[in-house]
Structures are given as C-alpha cells and as structure tokens.
Amino acid sequence: MLIEVKDLAGDFAENKDVAKKLRLNKIMPTLADGEEIVLDFSGVSGTTQSFIHALLSEPIRQFRDVALEKIKYKNCSDVVREVIKTVYEYMQESLDSESYEE
Amino acid sequence: MKVTLSNSDYLRNFDRFISSLDFSDPEHLYIYSHPKWINVHPAVLALIVVMAMRAGKQNVMFENLTATSGSYLDRMGLFEFTHQESPYTIQKKEESGRFIPVTVIKNSTEQSRFITDMIPLLHLPADKTDAIKYTVGELLRNVLEHSESTNGAIVAAQYYKKSNTIRIGICDSGIGIKKSLQQYWASRSKTDIEAIKWAMVPGISGTTRKEGGTEDNAGAGLFFIKSIAQIARSYFMIYSGSGIYKLLLHDKRIEKPRLHPDPDDDRHSERNDAPYLQGALVAIDLSLENKSEFTQLLSAIREVYGRAVRDRKRKKYKEPKFI
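In this convention, every chain numbers its residues from 1, walking through the sequence in written order. Here the convention is simple: chains get letters from A, ligands get numbers from 1, in the order in which they are written. A pLDDT threshold of at least 70 governs which residues receive local features in this predicted model, and a stricter bar of 80 or more applies before side-chain atom pairs are shown or counted, although totals over entire chains, interfaces and linings include all residues. Each side-chain value is worked out from all heavy atoms of the structure, with water and hydrogens disregarded.

### A word on the overall build of chain B
At step 1: We count a stretch as a helix when DSSP gives it H or I for four or more residues in a row; a strand needs E for two or more, and each element gets its number in order from the N terminus. Helices and strands together make up the secondary structure of chain B, namely nine helices and ten strands.
At step 2: For a compact globule of 323 residues, the expected C-alpha radius of gyration is about 20 Å, and chain B comes in at 20 Å, within 12% of that figure.
At step 3: Referenced to the eigenvectors of the C-alpha coordinate spread, the extents of chain B come out at roughly 80 × 45 × 35 Å.
At step 4: Residue burial in chain B is summarised as follows: out of 323 residues, 58% are buried.
At step 5: Long-range contacts, defined here as pairs at least 24 residues apart, represent 69% of the contacts in chain B between residues at least 6 apart.
At step 6: Computed with a 1.4 Å probe, the accessible areas rest on the Shrake-Rupley method; for each residue, only the protein chains presented here act as cover. By element, 49% of the accessible surface of chain B is carried by carbon and sulfur atoms, the whole surface being about 14400 Å².
At step 7: In this tally, Asp and Glu contribute negative charge and Lys and Arg positive charge; neither His nor the terminal groups of the chain are included. Charged groups are reduced to one reference atom each: NZ for lysine, CZ for arginine, CG for aspartic acid, CD for glutamic acid. Computed over 45 positive and 38 negative side-chain charges, the separation of the two mean positions in chain B equals 5 Å. Restricting the calculation to C-alpha atoms gives the radius of gyration, and the globule rule supplies 2.2 Å times the number of residues raised to the power 0.38. To sort residues, take the accessible area from a 1.4 Å probe on protein chains only and compare it with the maximum for the residue type: under 20% means buried, over 50% means exposed, and anything in between is partly exposed. Note on contacts: a residue pair is in contact if any heavy atoms of the two residues lie within 4.5 Å.

Below is the structure:
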C-alpha cells in the first residue's frame with residue numbers, strides 16, 4: 001500500500017488526528033494482513049515528533065519486527081528522516097520495559 | 001485582577017512583570033501601563049487575553065493608556081477581547097508581516113490552519129521555518145490535548161529584525177501542569193515547579209507511566225522545545241500555578257551547548273511563589289541566528305533522548321548476586 005502523506009497531512013505534518021486516522025485505518029490493518037506499506041513524504045518539508053509517534057508507535061509496539069520490516073519511507077526530507085529515526089530509536093529501546101519505576 | 005505593562009516586559013526581566021500580576025477578583029481586569037512607553041512580549045498579550053476572557057469583555061478596563069507605542073496593543077488585536085475601544089488609529093498595513101496578532105486556537109484543524117498561515121505573515125526565509133512550525137505546533141498541541149481549557153490556546157508572536165528573533169507566547173486557562181500530571185506522577189508533582197520540571201523530562205507523559213508512552217503520547221514535546229531553545233541560545237519559560245521555570249542563555253563562547261534530560265542540570269532560574277496562574281503560560285524567544293541546521297539539532301536531541309531512556313532502563317537491571 002502506498003500512502004501519500006502530503007495529501008492528508010499537508011506540507012508540515014503536525015496534525016495528530018490525521019496521524020491517528022492513518023494509523024487506525026491504513027497502517028494497522030495493512031500490517032495485520034502482513035502487507036507492506038510505503039509512506040511517501042514527498043512535498044512534506046517537516047514533521048513533529050508527536051505526529052510520527054501517533055503514526056508509528058503503536059504499530060511498532062504491536063507488530064514489532066513485522067512493522068519495522070514492512071513499513072518503508074520514501075522521499076523524506078532531512079527533518080522527516082531525523083524525526084522518524086528518533087521515534088524508531090526510543091520505541092525500540094522501550095519495547096521490553098513496560099513502565100517507569102522510581 | 002490587575003496587570004501592569006511596562007516599557008520592557010521581556011523574558012530576560014520577566015520577574016518584574018510577574019510581580020505586578022494580581023489574579024484576585026477574577027471578575028474584573030484592570031490593565032495599567034507605563035505612561036510613555038509600552039514594550040511587551042507576545043506572552044504578556046496572550047496572558048492578558050486569558051485574563052480578559054475570564055473577566056468578560058465588559059469588565060476589562062485600561063487605566064492611563066497614554067503611551068503612543070500602546071498602538072502595538074491594537075495592532076496585536078488586544079482590543080478584540082475588550083469592550084473598551086482602542087484609543088489609537090492604526091493603519092493595518094503598517095509593518096505587514098513580522099507579527100501574528102493574538103489568536104484563539106480551539107482544535108487541531110484551527111491549529112493546522114494557523115501553522116500554515118503564520119509563516120507567510122512573518123516573512124521568514126524557508127530554511128528558518130521548520131523550527132518555528134515545530135515549536136508552535138507542539139506547544140499548541142500540548143494545550144489542546146492536556147490543558148482541558150474550554151477557551152483553547154491563545155497564541156501571539158512577533159519577529160524582531162534587529163535581533164533576528166521570533167518571540168512567541170502561548171497561554172491557556174486549563175487545569176495547569178501540576179494537575180495534568182497528578183494521575184500518574186503524584187509523587188513527582190507535589191508542587192507546581194516540581195511538576196513543570198518533571199514534564200520536561202524526556203519520556204514523561206501525563207497520560208501513562210509506560211516507557212515509550214501511549215499510542216498517542218510519548219512525553220517528549222517539552223523536552224524537544226527546551227532543547228531547541230537551548231541550542232538556538234534562546235530564552236524559554238513555563239509558568240503554571242505558582243511555579244516558573246526559565247531557561248537562561250548559555251555562554252556565547254560555548255559553540256555546542258550540552259543538552260540535559262534533567263532540567264535541573266540546565267542553566268535556569270526557578271521559583272514556586274509566583275502569583276497563582278490557573279492554566280499555563282509558555283514563552284520562547286527563538287533566535288534565528290543559529291547557524292546549525294534544524295536536522296543537526298534534531299539529531300542531537302535524538303541522542304540525548306535515547307541516552308535518557310537507556311539510562312532509565314539500566315537503572316532497572318538486576319545486579320548479579322555475588323556471595
């Protein structure tokens with residue numbers, strides 16, 4: 001499945017409601033079917049960590065390696081790339097530790 | 001309620017402005033001002049609008065508004081929130097661009113529209129806009145998601161050519177940071193200042209204790225903004241309840257300031273005895289002088305964020321039992 005992010009989120013992807021819809025309606029069902037997803041960020045100059053978190057954290061948490069293998073990114077600006085890398089990093093770091101303890 | 005506008009209400013000396021605040025008698029708002037010169041941060045205007053909304057248009061009174069520079073209040077749209085008419089005559093076309101009047105944002109659609117529209121208003125070069133869009137987007141989203149404010153978020157901004165800085169203020173009349181952390185972090189938010197600082201620790205969200213956050217929240221927003229401000233050598237302030245945390249500028253000679261996951265480790269000032277503000281006020285002076293690219297900045301933030309999560313994880317490792 002190919003998703004053109006700009007068509008839904010505009011040229012600066014920050015609207016988490018859009019991210020949530022994409023996650024629930026496109027990403028999760030596609031991963032559940034074992035299919036590949038390509039997120040095309042062409043025309044998107046930047047994004048926020050909270051947008052990418054709302055888009056990807058649950059797929060990574062639920063589908064783990066399947067999500068990491070099956071979701072692919074195309075035409076990312078440097079900013080978009082950095083933010084995706086950040087979310088990938090902290091999500092993978094936190095996969096095995098369920099809750100913060102004091 | 002009372003507020004006094006002076007001739008230098010900037011973040012550097014914001015304490016003076018704070019000490020003039022009086023939130024008692026919420027049904028009336030009296031705005032006093034310097035008779036000759038008014039110079040205020042957009043955060044001051046955002047806060048005044050929140051106070052005016054609480055008091056009601058009819059109950060907002062300007063006292064001795066005689067300074068010519070007071071026309072700035074008109075240009076920034078303050079009189080839209082008062083019954084009293086502006087004593088100034090301004091040409092709306094003057095200084096087109098360079099400022100964003102006080103705006104009320106109530107939902108994510110309005111937020112997206114605001115972010116799209118604000119950059120042309122500020123007339124800034126494209127390569128400088130990502131950090132601004134990022135900062136405003138995350139701060140507005142914080143208010144809409146966590147503050148429970150019925151009035152939404154109040155935002156205003158001003159670009160200063162001389163210092164090449166954009167000053168942004170965002171205010172709400174919601175539950176405040178302390179209350180928003182209470183459900184999951186009661187022991188870390190006993191006071192307003194404790195709560196403000198805890199909210200800035202990477203990975204701390206008011207919606208869960210789970211590492212990595214929930215599907216919708218990671219607890220990274222304020223840490224990112226503080227880090228953006230720090231690298232750009234900018235002031236950043238959060239005021240909620242009686243607490244105020246203000247990130248101070250690092251030495252100019254330090255080319256690459258170190259980012260810290262713990263806000264206590266940053267050069268800052270704090271207090272927990274400010275006049276009690278119902279809600280939260282966030283102010284930032286974002287310097288656009290910074291030579292480093294926004295992507296480099298994000299990369300530096302990612303490293304510190306990852307390290308903070310790893311360190312926290314390591315603390316939970318069991319030690320071998322040597323006997």
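### Some remarks on the UniProt feature "domain: Histidine kinase/HSP90-like ATPase" (unreviewed entry) in chain B
At step 1: UniProt positions are given in the numbering used here, feature names are shortened, and annotations may be inferred rather than shown by experiment. Following the UniProt record, one finds the feature "domain: Histidine kinase/HSP90-like ATPase" (unreviewed entry) at residues 114-230 of chain B.
At step 2: Within residues 114-230 of chain B, the helical portion is 48% and the strand portion 14%, while the C-alpha atoms at the span's ends are 25 Å from each other.

### Concerning the packing of helix H6 (residues 176-185) of chain B against helix H7 (residues 192-199) of chain B
Residue and element names in this part refer to chain B.
At step 1: With their axes 9 Å apart at the nearest point, H6 and H7 run at an angle of 70° to one another. Accordingly, the angle class assigned to the pair H6 and H7 is roughly perpendicular. The residues of H7 that touch H6, namely those facing Ile177, Lys178, Leu181 and Trp185, are Asp192, Ala195, Ile196, Trp198 and Ala199.
At step 2: Polar here means any residue outside two lists: the nonpolar Ala, Val, Leu, Ile, Met, Phe, Trp, Tyr, Cys and Pro, and the charged Asp, Glu, Lys and Arg; Gly therefore counts as polar. Across the contact of H6 with H7, the residue classes tally to seven nonpolar, no polar and two charged. A fitted line through C-alpha atoms serves as each axis, taken over the contacting stretch for helices, and the angle formed by two N-to-C directions is quoted from 0 to 180°. Here roughly perpendicular refers to angles of 65 to 115 degrees, roughly parallel to angles under 35, roughly antiparallel to angles over 145, and oblique to all remaining angles.

### Re the sheet that holds strand S1 (residues 2-4) of chain A
Residues and elements named next belong to chain A.
At step 1: Note on pairing: two strands pair once DSSP finds at least 2 bridges between them. The three strands lie next to each other as S1-S3-S5, forming an open sheet whose pairing is parallel. The open sheet terminates on both sides in strands that have one partner only, identified here as S1 and strand S5 (71-74). For this sheet the average axis-to-axis angle between neighbouring strands, irrespective of direction, equals 20°.
At step 2: Note that strand S3 (residues 37-40) and S5 share four bridges and pair parallel. Residue Ile37 lies in a different strand from S5, and its bridge partner there is Ile71.
At step 3: Running at roughly 145° to S3, helix H2 (residues 16-32) makes contact with S1, S3 and S5 of the sheet.

### Quick word on the interface of chain A and chain B
At step 1: The interface of chain A with chain B comprises 35 residues on the first partner and 40 residues on the second.
At step 2: Here chain A packs against chain B, burying approximately 3500 Å² in sum over the two surfaces, 51% of which is carbon and sulfur.
At step 3: Just to be clear on terms, a salt bridge is a Lys or Arg side-chain nitrogen sitting within 4 Å of an Asp or Glu carboxyl oxygen. Joining chain A to chain B, the criterion identifies seven salt bridges.
At step 4: A:Glu82 is the partner of B:Arg302 in a salt bridge, and the nearest nitrogen-oxygen pair spans 3.0 Å.
At step 5: For the purposes of these results, a polar contact is taken to be a pair of N or O atoms within 3.5 Å, where, inside protein, one atom must be able to donate a hydrogen and its partner to accept one; residues adjacent in sequence count only when each atom of the pair is a side-chain atom. The interface formed by chain A and chain B contains 19 residue pairs in polar contact (both at pLDDT 80 or more).
At step 6: Secondary-structure elements contributing two or more residues to the side of chain A that touches chain B are H2, strand S4 (46-47), helix H3 (49-63) and helix H5 (78-94) of chain A.
At step 7: Broken down by element, the residue count for the side of chain A that touches chain B peaks at eleven residues, all from H5(A). The quantity reported as buried area is the accessible area (1.4 Å probe) lost by two parts once they are put together, taken as the sum for both.

### Focus: the nonpolar core
At step 1: Throughout, nonpolar core names a set of buried Ala, Val, Leu, Ile, Met, Phe, Trp, Tyr and Cys residues whose side chains join them through atoms within 4.5 Å. Counting residues in hydrophobic clusters, the biggest one holds 93 residues, and the most contacted among them are A:Leu39, A:Phe41, A:Leu55, B:Ile132 and B:Phe236.
At step 2: In terms of residues, this core owes the most to one element, H5(A), which gives eight residues.
At step 3: For A:Phe41, the contacting residues outside a window of four places in its chain are A:Val5, A:Ile52, A:Leu55, A:Tyr73, A:Lys74, A:Asn75, A:Cys76, A:Val80 and A:Ile84.
At step 4: Counting residues in hydrophobic clusters, the runner-up holds 51 residues, among them B:Leu29, B:Ala67, B:Ile90 and B:Ile244.

### Details of the sheet that holds strand S8 (residues 243-247) of chain B
All names here are of chain B.
At step 1: Overall, antiparallel pairing links the seven strands, which are arranged S4-S5-S6-S10-S7-S8-S9 in an open sheet. Either end of the sheet is taken by a strand with one partner, and the two such strands are strand S4 (99-105) and strand S9 (268-271). Adjacent strand axes in the sheet meet at a mean angle of 5°, parallel and antiparallel pairs treated alike.
At step 2: Lying on the sheet, helix H4 (residues 108-122) is in contact with S4, strand S5 (153-160) and strand S6 (165-172); it crosses S4 at an angle near 175°.

### Points about the side chain of B:Ser112
At step 1: Mapped onto the elements, B:Ser112 comes out in helix H4.
At step 2: Beyond its immediate sequence surroundings of up to four residues, B:Ser112 is in contact with A:Glu14 and A:Asn15.

### As for H7(B)
At step 1: Counted residue by residue, H7(B) has seven buried out of eight residues, so it is predominantly covered.
At step 2: Residues of H7(B) that are buried in the fold lie against H6, helix H8 (221-231), strand S7 (236-241), S8 and S9 of chain B.

### Considerations on the environment of A:Glu36
Residues and elements named next belong to chain A.
At step 1: Structurally, the position occupied by Glu36 is in the loop between H2 and S3.
At step 2: Taking C-alpha positions, Glu36 is 8.8 Å from Ala67, a pair spaced 31 residues apart along the chain.
At step 3: Not counting the four nearest positions on each side in its chain, Glu36 is found in contact with Met1, Thr30, Lys70 and Lys72.
At step 4: One polar contact links Glu36 to Lys72, side chain to side chain, over a distance of 2.8 Å.

### Overview of the side chain of B:Asn164
All names here are of chain B.
At step 1: Note on placement: Asn164 falls in the loop between S5 and S6.
At step 2: Relative accessible area serves as the criterion here: at 17%, Asn164 is assigned to the buried category.
At step 3: Here Tyr159 takes part through its side chain, which lies 2.6 Å from a polar atom of the side chain of Asn164.
At step 4: Setting aside residues up to four positions removed in sequence, Asn164 forms contacts with Tyr159, Leu286, Ser287, Leu288 and Glu289.

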